[in-house]
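Examination of the molecular architecture
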Amino acid sequence: MRATVIHAPGDIRVENRPEPEITAPTDAVIRTVATCVCGSDLWSYRGVLPVDEPQPIGHEYVGVVEEVGDEVSGVKPGQFVIGSFAASDNTCPVCRAGYHTSCQHVEWVSGCQAEYIRVPLADGTLVAVPGQPAEELIPSLLTLSDVMGTGWYAAKAAGVRPGATAVVVGDGAVGLSAVIAAKELGAERVIAMSRHEPRQKLALEFGATDIVTERGEEGVARVKELTDGTGADSVLECVGTQQSMHQALRSTRPGGNVGFVGMPHGVQIDGQELFFSHVGLRGGPAPVRAYLPDLIERVLSGRINPGRVFDLTLPLDEVAEGYRAMDERRAVKTLLLP
């Protein structure tokens, strides 16, 4: 099969690799219908995360079940399925509490920018979509494997409630999905922080009520101005840098909450500042599996259309261009068709 392999920073190749096989009775093999490049993949592409040897890459997928292990009963060959980037049993105490990415038996799913993938713990990880979805719905369903589920978790972790004012820090695919989530969870005002005009436009179409172009302390001051000096009830941090985290914390009102889902790189938080701010802080890898049934229904009913974050579609053979386009901010998110 064809699969994407990262050899070194900036070096993305499509290679022929062995097709995956069932290695445990709880496995499933999926024929990938669509996959994509994630903003977090760029950490390796840019050399922020080390690449010591060639390795398959990608963790977002939708597809059709080809084969299942002897102990799999929840999905069967021929079904169209969506799964999380973290395989979970969906039965342990942590999963039952809604934190599937910290499952006591978690396995990270990787190598998904390929024609076929093996998904461990299939019964707990995969959710079948009724029938075969219409082609136009596939991009939105694909977002549920990560970015839409991650944006949803950002809103949940930030405590977005009806009538709230929410700020979204970050205008990538996760940040734009977080705008949808904040709106869906009832935020009356959604302030999107973005300096990129096409992304601003999409944020407004997704439900943002205000755009803030300033960053750092100027961005904080602008949020305070928009909230009569108080700050936001909920701030959704979707980047993962020192600047974005400080901007999020300082844009939140006392007693408000920050939900952080951007993978932190070089982020340090002053404990005393956090202590006196009365700001709650919660985040981590999004428990996408917890939200899949609800989000699938919202997509199938037409209530949300997060697939619009894909503004570049390429065949798998051109995946290297998909990485370049996102790295150079010529694309928000690249959809790949195997």
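Keep in mind the model is a prediction, meaning the values are calculated, not measured.

**Considering the layout of surface pockets**
- There is about 280 Å³ of room inside the second largest pocket.
- Lining the second largest pocket are 15 residues; nearest its centre among them are Pro-20, Pro-56, Ser-110, Gly-111 and Arg-118.
- Mapped onto the lining of the second largest pocket, the elements with two or more residues apiece are strand 8 (107-108) and strand 9 (116-119).

**Looking at the packing of aromatic side chains**
- Considering all chains together, one arrives at four aromatic pairs under this definition.
- Here Tyr-45 and Tyr-323 contribute two aromatic rings whose centre-to-centre distance is 5.3 Å and whose plane-to-plane angle is 35 degrees, an arrangement assigned as tilted. Taken together, the residues span a long stretch of sequence, with Tyr-45 in helix 1 (residues 41-45) and Tyr-323 in helix 12 (residues 319-327) at a distance of 278 residues. Across the pair, exposure class does not vary: Tyr-45 and Tyr-323 are buried alike.

**A few points about the environment of Trp-152**
- Within the fold, Trp-152 resides in helix 5 (residues 147-157).
- Along the sequence, Trp-152 and Ile-180 sit 28 residues apart, while their C-alpha atoms lie 8.1 Å from each other.
- Contact partners of Trp-152, with chain neighbours within four places excluded, come to Ala-181, Glu-184, Leu-185, Tyr-291, Asp-294, Leu-295 and Arg-298.

**Quick notes on the sheet that holds strand 1 (residues 2-8)**
- Taking strand neighbours across the sheet as the criterion, the three strands line up as 2-1-4 in an open arrangement whose pairing is antiparallel. Edge positions in the sheet fall to strand 2 (11-16) and strand 4 (55-56), since each of these pairs with one other strand and no more.
- Bridging between strand 1 and strand 4 involves two bridges; their strand directions are antiparallel. Bridging across to strand 4, Ile-6 finds its partner in Gln-55.

**Notes on the domain arrangement of the protein**
- Per the domain assignment, the segments of the protein are domain 1 (2-146 + 287-337) and domain 2 (149-283).
- Each of domain 1 and domain 2 was reduced to a C-alpha centroid, and the two centroids are 26 Å apart.
- At the junction of the two partners, domain 1 supplies 24 residues and domain 2 supplies 21 residues.
- Buried area between domain 1 and domain 2, both sides added, is near 1,900 Å², and the carbon and sulfur share of it is 59%.
- There are four salt bridges connecting domain 1 and domain 2.
- Connecting domain 1 to domain 2 are seven residue pairs in polar contact (both at pLDDT 80 or more).
- The leading source of residues in the side of domain 1 that touches domain 2 is helix 11 (residues 288-300), at five residues.
- By residue class, the composition of the side of domain 1 that touches domain 2 is 15 nonpolar, two polar and seven charged.

**Things to note about empty space enclosed by the protein**
- Under the definition given, this model contains one cavity of 30 Å³ or more.
- Roughly 30 Å³ of internal volume is contained in the largest cavity.
- Contributing to the lining of the largest cavity are Val-168, Gly-170, Asp-171, Gly-175, Leu-176, Val-179, Ala-192, Met-193, Ser-194 and Ala-203.
- Secondary structure elements with two or more residues in the lining of the largest cavity: helix 6 (173-184) and strand 12 (189-193).
- For the lining of the largest cavity, the element with the highest residue contribution is helix 6, accounting for three residues.
- Residue classes in the lining of the largest cavity are distributed as six nonpolar, three polar and one charged.

**Overview of the environment of Gly-124**
- Mapped onto the elements of the fold, Gly-124 is located in helix 3 (residues 122-125).
- Taking the C-alpha atoms as reference, Gly-124 lies 22 Å from Ala-114; in sequence the two are ten residues apart.
- Excluding residues that lie within four positions of it along the chain, Gly-124 makes contacts with Ser-88, Asp-89, Asn-90 and Arg-289.

Rules used in this analysis
- Residues numbered from 1 in each chain as written.
- Predicted model: local features only at pLDDT ≥ 70, side-chain atom pairs only at ≥ 80, totals over all residues.
- Heavy atoms only, no water.
- 1 Å grid on protein atoms, 1.4 Å probe; cavity = no way out; pocket = protein on both sides within 12 Å on 5 of 7 lines; lining within 4 Å.
- Points joined across faces, edges and corners; volume = space filled by probe spheres on them.
- Helix = DSSP H or I, 4+ residues; strand = E, 2+ residues; numbered from the N terminus.
- Phe/Tyr/Trp six-rings, centres within 6.5 Å; stacked < 30°, edge-to-face > 60°.
- Buried < 20%, exposed > 50% of the residue type's maximum accessible area, 1.4 Å probe, protein only.
- Contact = heavy atoms within 4.5 Å.
- Pairing = 2+ DSSP bridges.
- Domains from an automatic or database assignment.
- Buried area = accessible area lost by both parts, 1.4 Å probe.
- Salt bridge = Lys/Arg side-chain N within 4 Å of Asp/Glu carboxyl O.
- Polar contact = N/O pair within 3.5 Å; in protein donor to acceptor, adjacent residues only side chain to side chain.
- Nonpolar A, V, L, I, M, F, W, Y, C, P; charged D, E, K, R; others polar.

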